[in-house]
Amino acid sequence: MQTKTQTKPPHWESLKPVAPGVVGVPALIVNSYLVGTRSEWVLVDAAMPGNAKKIIQAAETCFGDGATPKAIVLTHGHFDHVGSLEALLQHWDVPVYAHRLELPYLTGKASYPPPDPTVGGGSMAQLSRLFPTKPLDLGDRVQPLPEEGELPEMPGWRILHTPGHAPGHVSFFREDDRTLIAGDAFVTTDQESLWTSAVTKKQEIHRPPAYFTQDWEAARQSVQTLAALEPQVVASGHGLPMQGPFMRQALHHLADRFDQHIPAHGRYVRDPARFSEQGVDYVPPAVPDPALRTLAIIGGAVLAGFIAYQLLRRNRTGSLVVKDL
């Protein structure tokens, strides 16, 4: 007599169990989280564009066909955390929650300050020149999170305002088992290295992604606040979950020596952007960008080589060919 062997749904292998009632949904270089039970759950963050189908399939794998969250909750509104939000809202008619200081960037009122490619730290900083900063316009579908305590749709999770990487950045802490959803207040991989974040996924407690961090003193205070919680498990916006004494030791190391992790140079390093409920109040002036100078030199060299090549052709043919210039 043959017996059927149960196999996990194909989407299960791409999910990352974090703690009871918490499952990570990785989407290339960023994570979303399914938090709760079959009868009551929320989605934390909405990944990059093009991941709505993956998130919906992950939810149905965990909670059953037609599973719908009570709400979508955002740690912050950067493009890699809200990229699939509008597509998800076409499928799920649910409210969205974010900190009140993030609302201008989710209701079409303000754009984020530009990212800072001058902070160094790898290829992601260079690519940040291309990252979008324009707001979504969710209208009244987005609502402010409570200033303190818990969100009714997310019982047992304390809301913590952890600014620095974004003005209204929040993290979530569950006291019962000391599970922390940290967003980008700190991350568990070197997100500034495209190779590490997308390929090797080496686990380490790392500063918030520098190219989008626009208040380093606030970022320091947020890391220290989260380290003081003594979490047992951490799940961040980038990287794999980490747990236990090694993770706590690394987190305290970051909190205690945060100065050593602040970039040596950068637009916002010594002159932070300033924010209000209306949006951005102040953006410091741009600083010299060595990479642009290098690109200009390379471009000049290419142009000079092209002209030299044309001159050689003229010497050989008796006419200067410039139609391709």
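Bear in mind the structure is a predicted one, so any value in this text is a computation, not a measurement. (Residues numbered from 1 in each chain as written. Predicted model: local features only at pLDDT ≥ 70, side-chain atom pairs only at ≥ 80, totals over all residues. Heavy atoms only, no water.)

### Description of unusual backbone geometry
And then number 1: Even without a glycine there, the phi angle at L28 is positive, about 65 degrees.
And then number 2: Note that L28 resides in the loop between β2 (22–27) and β3 (30–37). (Helix = DSSP H or I, 4+ residues; strand = E, 2+ residues; numbered from the N terminus.)

### Some remarks on the environment of D271
And then number 1: With respect to the helices and strands, D271 occurs in the loop between α7 (244–256) and β13 (274–276).
And then number 2: In the structure, D271 is positioned 14 residues away from P285 in sequence and 9.0 Å away in space, judged by C-alpha atoms.
And then number 3: Setting aside its immediate chain neighbours within four residues, D271 contacts Y282, P284 and P285.
And then number 4: Within polar-contact distance, the side chain of D271 engages the side chain of Y282 at 2.6 Å. (Contact = heavy atoms within 4.5 Å. Polar contact = N/O pair within 3.5 Å; in protein donor to acceptor, adjacent residues only side chain to side chain.)

### What to know about the confidence of the model for the protein chain
And then number 1: Chain-level statistics for the protein chain give a pLDDT mean of 87 and a share of 82% at 70 or above.
And then number 2: With pLDDT under 50 throughout, residues 293–311 is counted as low confidence; its partners more than four residues away or in other chains account for eight contacts.
And then number 3: Every residue in residues 319–325 is under pLDDT 50, and counting partners more than four places away or in other chains gives 11 contacts. (pLDDT = per-residue confidence, 0-100.)

### A few points about the packing of aromatic side chains
And then number 1: In this structure the tally under the stated criterion is nine aromatic pairs.
And then number 2: Look at W41 and W92: their rings are 5.7 Å apart centre to centre, the planes differ by 85 degrees, and that puts the pair in the edge-to-face class. Within this pair, whereas W41 is found in strand β4 (residues 40–44), its partner W92 is found in the loop between α3 (85–91) and β6 (96–98), the two being separated by 51 residues in sequence.
And then number 3: Given a relative accessible area of 1%, W92 falls into the buried group.
And then number 4: Here W216 and F258 contribute two aromatic rings whose centre-to-centre distance is 6.2 Å and whose plane-to-plane angle is 45 degrees, an arrangement assigned as tilted. With W216 in helix α6 (residues 216–227) and F258 in the loop between α7 and β13, the pair connects residues that are 42 residues apart, well separated along the chain.
And then number 5: Members of the aromatic cluster, each reached through a chain of ring pairs, are F79, F131, Y211 and F212.
And then number 6: Over the ring of Y282 we find R274; its NZ or CZ atom is 4.2 Å from the centre of that ring. (Phe/Tyr/Trp six-rings, centres within 6.5 Å; stacked < 30°, edge-to-face > 60°. Buried < 20%, exposed > 50% of the residue type's maximum accessible area, 1.4 Å probe, protein only. Lys NZ or Arg CZ within 6 Å of the ring centre and 35° of its normal.)

### Considering the pattern of salt bridges
And then number 1: Inspection of every chain in the model, using the stated rule, returns 10 salt bridges.
And then number 2: We note a salt bridge from E175 to R178, for which the minimum N-O separation is 2.7 Å.
And then number 3: On the accessibility criterion, R178 (29% relative accessible area) is partly exposed.
And then number 4: With a closest N to O distance of 3.0 Å, E217 and R220 form a salt bridge. (Salt bridge = Lys/Arg side-chain N within 4 Å of Asp/Glu carboxyl O.)

### Focus on the packing of α6 against α7
And then number 1: Running from amino to carboxyl end, α6 crosses α7 at an angle of 145 degrees, the nearest separation of the two axes being 9 Å. As for the relative orientation of α6 and α7, their crossing is left-handed in sense. In this structure, α6 contributes V223, Q224, L226 and A227 to the contact, and α7 contributes L251, H252, L254 and A255.
And then number 2: Taken together, the residues of the contact of α6 with α7 break down into six nonpolar, two polar and no charged. (Axes fitted to C-alpha atoms, helices over the stretch in contact; angles between N-to-C directions. Left-handed = near helix turned anticlockwise from the far one by under 90°. Nonpolar A, V, L, I, M, F, W, Y, C, P; charged D, E, K, R; others polar.)

### Description of the pairing of β3
And then number 1: Within β3, six of the eight residues are buried, which leaves it mostly tucked inside the rest of the structure.
And then number 2: Bridge analysis of β2 against β3 gives six bridges, and the strand direction is antiparallel. Looking across to β3, one finds that G24 is bridged to Y33.
And then number 3: What sits between the antiparallel neighbours β2 and β3 is a turn of two residues, in which L28 has the positive phi angle 65 degrees.
And then number 4: Here β3 folds back onto β4 in antiparallel fashion, the turn holding two residues. (Pairing = 2+ DSSP bridges.)

### Thoughts on the sheet that holds β6
And then number 1: The strand order β1-β2-β3-β4-β5-β6-β7 describes an open sheet built from seven strands, whose pairing is mixed. Lying at the two open borders of the sheet, with one neighbouring strand each, are β1 (16–19) and β7 (142–144). Strand-to-strand twist across the sheet, computed as the mean angle between neighbouring axes with direction ignored, equals 30 degrees.
And then number 2: Two elements, β1 and β2, share three bridges in a ladder whose sense is antiparallel. Note that in β2 the partner of P17 across the bridge is V23.
And then number 3: Here helix α1 (residues 52–63) sits on the sheet and contacts β2, β3 and β4; the angle it forms with β3, its principal contact strand, is near 30 degrees.

### Some thoughts on α7
And then number 1: Taking 1.5 Å of rise per residue, the 13 residues of α7 would be expected to cover 18 Å, and the 18 Å separating its terminal C-alpha atoms lies within 8% of that figure.
And then number 2: Within α7, the full set of buried residues consists of G244, M247, L251, L254 and A255. Relative to the axis of α7, the buried residues are bounded by an arc of 100 degrees and lie together on one face. Exposed positions of α7 whose direction lies more than 90 degrees from the buried face are P245, F246, Q249 and D256.
And then number 3: Residues of α7 that are buried sit in contact with α6, β11 (233–236) and β12 (242–243). (Expected span 1.5 Å × (residues − 1). Arc of directions from axis to C-beta.)

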